[in-house]
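Reading the structure
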Amino acid sequence: MRLVSLALVAALAILPLSGPLAEDKPMTDTLLLDDFQRDDGLSTFGTRWEGLGDRVMGGRSDMQMGYRDSDTGRVLFLRGQVRLDNGGGFIQARLPLDPAGGSFDATAWQGLRIKIRGAPGPHYLHLRTRQNWLPWQHYRAPIEVGPGWQEQFIPFTAFERRATVRGLDVSALKSVGVVAYGEAFEADVEVGRLEFANW
């Protein structure tokens, strides 16, 4: 009888999980935000990319943001002259994560994976959460940009807080941004894909 009980325990131990524990795990290791192939310009989340520059804060950087065809298909582009005058110094393409203005729970993933190329310079991924009330509050992580396509995984643990004492709450993400920032330079980058991902 004891042998039968032990065999039953062993069998149960190797059964696939079902119920709440299994449902808490994502069905896939990735969740696409955008690959820029939709004709209507909407992301997977039903939201649109927004172009933001430091002119809203008195800066003088110039920017353009949109879509263009490349040798690998349609891409998002961000380009412009980043200037440090009047306390400026950034241009940004930002994607809201909820069409109703709410937030998104990304706790099922460990970070973001981006496919990017362009002119070298200081570039970052920015995250904002519903705890970031002021425009300059955000979390940022550096990304490498060069002339050839690069796929980079940026873990949430790499994001540092800026102008906020709160740690990054990935259960309440409002937006993600691709930003050229911090130096006077001519920015010109293309993004081919952006997704939430696990290692």
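Summarised in this report is the structure supplied together with it. The structure presented is a predicted model; accordingly, all values stated were derived computationally and were not measured.

1. With respect to a nonpolar patch on the surface
Residues Val56, Met57, Trp133, Leu134 and Trp136 make up a contiguous nonpolar surface patch of about 640 Å² in total accessible area. Take leucine 134: it is sitting in the loop between strand S7 (123-129) and strand S8 (138-143). A relative accessible area of 37% means that leucine 134 is categorised as partly exposed.

2. Side note on the sheet that holds strand S5 (residues 90-96)
The strand order S2-S5-S11-S7-S8-S10 describes an open sheet built from six strands, whose pairing is antiparallel. Looking at the sheet topology across the chains shown, the edges are occupied by strand S2 (50-53) and strand S10 (160-162). Direction aside, neighbouring strands of the sheet carry axes that sit 30° apart on average.

3. Brief notes about the pairing of strand S4 (residues 73-82)
Judged from the seven bridges that link them, strand S3 (residues 64-70) and S4 form a sheet pairing that is antiparallel. Looking across to S4, one finds that aspartate 69 is bridged to arginine 74. Between S3 and S4, which pair antiparallel and follow one another directly, the connecting turn spans two residues. Inspection of the sheet shows S4 paired to strand S12 (residues 185-197) by seven bridges, in the antiparallel sense. Across the sheet, residue glycine 80 finds its bridge partner in S12, namely alanine 187.

Quick notes on the rules
Residues numbered from 1 in each chain as written. Predicted model: local features only at pLDDT ≥ 70, side-chain atom pairs only at ≥ 80, totals over all residues. Heavy atoms only, no water. Patch = residues over 30% accessible without salt bridge, like charges linked within 9 Å, V, L, I, M, F, W, Y side chains within 5 Å. Areas by Shrake-Rupley, 256 points an atom, 1.4 Å probe, with all protein chains shown as cover. Salt bridge = Lys/Arg side-chain N within 4 Å of Asp/Glu carboxyl O. Helix = DSSP H or I, 4+ residues; strand = E, 2+ residues; numbered from the N terminus. Buried < 20%, exposed > 50% of the residue type's maximum accessible area, 1.4 Å probe, protein only. Pairing = 2+ DSSP bridges. Axes fitted to C-alpha atoms, helices over the stretch in contact; angles between N-to-C directions.

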